[in-house]
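# Descriptive analysis of the structure
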Amino acid sequence: MFNMTKNVVANLLTKSSTRLYPFAVRGHFEGFRGTLVNNIDECIFCRSCMIKCPSQCITVDNKVGTWTCDAMACVYCGICVDVCPTNCLSMTKEHRPVSTEHETISLQGVPKKKKKEAAAE
Ligand code: SF4
Ligand code: SF4
């Protein structure tokens, strides 16, 4: 009983060790990996991200210039971001929103060949 009273008094006099979520949200820790985004205009469709992705959730078609990612299969390891030669891949500081439907990120860019043709004109 004495021990319990001591703990109750100590807890009343010290700062709470929990937060009033969602009113008090904890900040991100260093190296936090949020939503994966691709600045498709900078993508050269080299397929490095697709080859290195451990969950095989990225598909790159370098002929038509499409980049897709099965967001629900992504494990947020960040390898694709690390290997991207143009740094067009990045991870935001936001969690991916909750979804009740299968979510695929599909982006259309301009393949290298078409960019070259456009530059030559
Ligand atoms: S973060 Fe990891 S799992 Fe997700 S797409 Fe990139 S390489 Fe694949
Ligand atoms: S590694 Fe980067 S540049 Fe290469 S296909 Fe993936 S997103 Fe595009």
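Being a predicted model, the structure only gives us computed values, none of them experimental.

Turning next to the overall build of the chain. Helix and strand content of the chain: 4 helices and 5 strands. In the chain, the succession of α and β elements from N to C terminus is α-β-α-β-β-α-β-β-α. By the compact-globule yardstick of 14 Å for 121 residues, the chain is too spread out, its C-alpha radius of gyration being 23 Å. If you line up the chain on its principal axes, its C-alpha atoms span 85 × 25 × 25 Å. Looking at the chain as a whole, 21% of its 121 residues are labelled buried. Considering only intrachain contacts with a sequence separation of at least 6, the fraction spanning at least 24 residues in the chain is 69%.

Below, the discussion takes up the site of ligand 1. The environment of ligand 1 is made up of 13 residues, and the closest members are Cys53, Ser55, Cys74, Cys77 and Cys80. Looking at the shell around ligand 1, its residues break down into 11 nonpolar, 2 polar and no charged.

In this structure, the largest pocket occupies an estimated 240 Å³ of space. Along the walls of the largest pocket sit Tyr21, Val25, Arg26, Gly27, His28, Phe29, Phe32, Lys93, Glu94 and His95, which together make up its complete lining. For the lining of the largest pocket, a count of residues per class yields 4 nonpolar, 3 polar and 3 charged.

Next up on the list: the pairing of strand 2 (residues 58-61). Only one face of strand 2 is covered, namely the face carrying Ile58 and Val60; the face carrying Thr59 and Asp61 is uncovered. Note: strand 2 against strand 3 (residues 66-70), 4 bridges, orientation antiparallel. Bridged to Asp61 within strand 3 is Thr66.

Going through the model one piece at a time under the given rule, you end up with 1 aromatic pair. Seen from their ring centres, Phe29 and Phe32 are 6.0 Å apart, and the 80° between their planes marks the pair as edge-to-face.

Definitions and limits used
Residues numbered from 1 in each chain as written. Chains lettered and ligands numbered in written order. Predicted model: local features only at pLDDT ≥ 70, side-chain atom pairs only at ≥ 80, totals over all residues. Heavy atoms only, no water. Helix = DSSP H or I, 4+ residues; strand = E, 2+ residues; numbered from the N terminus. Rg over C-alpha atoms; globule rule 2.2 N^0.38 Å. Buried < 20%, exposed > 50% of the residue type's maximum accessible area, 1.4 Å probe, protein only. Contact = heavy atoms within 4.5 Å. Near = heavy atom within 4 Å. Nonpolar A, V, L, I, M, F, W, Y, C, P; charged D, E, K, R; others polar. 1 Å grid on protein atoms, 1.4 Å probe; cavity = no way out; pocket = protein on both sides within 12 Å on 5 of 7 lines; lining within 4 Å. Points joined across faces, edges and corners; volume = space filled by probe spheres on them. Pairing = 2+ DSSP bridges. Phe/Tyr/Trp six-rings, centres within 6.5 Å; stacked < 30°, edge-to-face > 60°.

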